[in-house]
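What follows is the residue order along each chain.
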Amino acid sequence: MKGIIMSNYVNLTINGAKIKTPKGTSVLDAALEYGICIPHLCHMEDLTPLGACRLCIVEVIENGKSRVTASCTLEAKEGMTVLAHTEKILKARKVIAEMLVAEAPNSRATQDIAVRCGVTKVRFPFRNKSCILCGKCVRVCTEVWRSKSLGFVGRGKDRHVALPFYERPDFCKRCWSCIEICPMKITPCDGPMEIGKEYLCGGCESQLSMAFESPDTCVQCRLGEGFGCIRAKP
Ligand code: FES
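The present account deals with the structure reproduced in this document. (Residues numbered from 1 in each chain as written. Predicted model: local features only at pLDDT ≥ 70, side-chain atom pairs only at ≥ 80, totals over all residues. Heavy atoms only, no water.)

**Considerations on the packing of aromatic side chains**
Filter applied, for reference: Note on ring pairs: Phe, Tyr and Trp rings are taken, using the six-membered ring of Trp, and paired if centres are within 6.5 Å. Classes follow the plane angle, with under 30 degrees stacked, over 60 edge-to-face and the rest tilted. Throughout this description, the term charge over a ring refers to an Arg CZ or Lys NZ atom that lies within 6 Å of the ring centre and within 35 degrees of the ring normal.
A complete count under the given rule lists 0 aromatic pairs for this structure. Looking at Lys 20, its charged tip hangs above the ring of Tyr 9, at a distance of 5.5 Å from the centre.

Here you go:
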């Protein structure tokens, strides 16, 4: 239509920063691209967002009201105002991180995330799960390798990742990307924990204090992939 110029970009504000991003970009990707770290675990650039871990929650301000939502599944819209690090969000994210590390304490990724979100003590019982249902393996297999050798099975507490009929199919390409990408594959620095003797490692705290020596730069993002501010690429 004459006089109307359609733009392929949208403008939004995240933590006060004015950001221009291509239409269709998620709020999380827009933030990361700009250099604003929003912790995330199940998100991987260019793959379908799953919204499973909830670590990437943010506050969206609309008509004077705020709502809390995952930023990886939220599309950036023109004029949107997003706050990623408010007190409300930091508190909620800390609880999410605490629950995550209680579910699967034997992963350096969950340990790292918990410490970096300020968890010093885990109040929930340790469950020692070997999978946190982040779905990275399923999406890499399906969307990158077009193999569909892995999928989610069951619902609720029975939901898990499995091979078709629990056997490796002939069409599995044996790329092992599913293992490569799994946040559970790296055990805490001291190695696997004994059942009943799980603890919060805290080793990352030294990295964290190093990181905050330069508060103007996003150095903490480079210190631990487990915190999720490094872009995870398939
Ligand atoms: S829910 Fe957004 S990164 Fe996991």
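Don't stop here, the text continues.
**Description of the sheet that holds strand β5 (residues 81-83)**
What links the strands of a sheet is backbone hydrogen bonding, and the strands pair in either a parallel or an antiparallel sense. In plain terms, the rule: If DSSP finds at least two bridges between two strands, the strands pair. Secondary structure elements are defined from DSSP: runs of H or I of at least 4 residues count as helices, runs of E of at least 2 residues count as strands, and each element is numbered from the N terminus. Angles run from 0 to 180 degrees between N-to-C directions of axes, and those axes are lines fitted to C-alpha atoms, restricted for helices to the stretch in contact.
Within the open sheet, the 5 strands sit side by side as β2-β1-β5-β3-β4. Their pairing is mixed. The sheet is open, and its two borders are formed by β2 (17-22) and β4 (65-70), each paired with just one other strand. Strand-to-strand twist of the sheet, defined as the mean angle between neighbouring strand axes without regard to direction, takes the value 35°. Pairing geometry for strand β3 (residues 57-62) and β4, over 6 bridges, is antiparallel.

**Quick word on the packing of helix α2 (residues 87-103) against helix α3 (residues 108-116)**
Applied cut-off: Here is the rule for angles: anything less than 35 degrees is roughly parallel, anything more than 145 is roughly antiparallel, 65 through 115 is roughly perpendicular, and the remaining ranges are oblique. Left-handed describes a crossing whose near helix is turned anticlockwise from the far helix by less than a right angle; the clockwise case is right-handed. Pairs of residues are marked as contacts when any of their non-hydrogen atoms sit within 4.5 Å.
Interhelical geometry of α2 versus α3 gives an angle of 155° and a closest axis separation of 9 Å. Judged on the interaxial angle alone, α3 and α2 are roughly antiparallel. As α2 runs across α3, the sense of the crossing is left-handed. For the pair α2 and α3, contact is made by Ala 97, Leu 100 and Val 101 and by Thr 110, Gln 111, Ile 113 and Ala 114, respectively.

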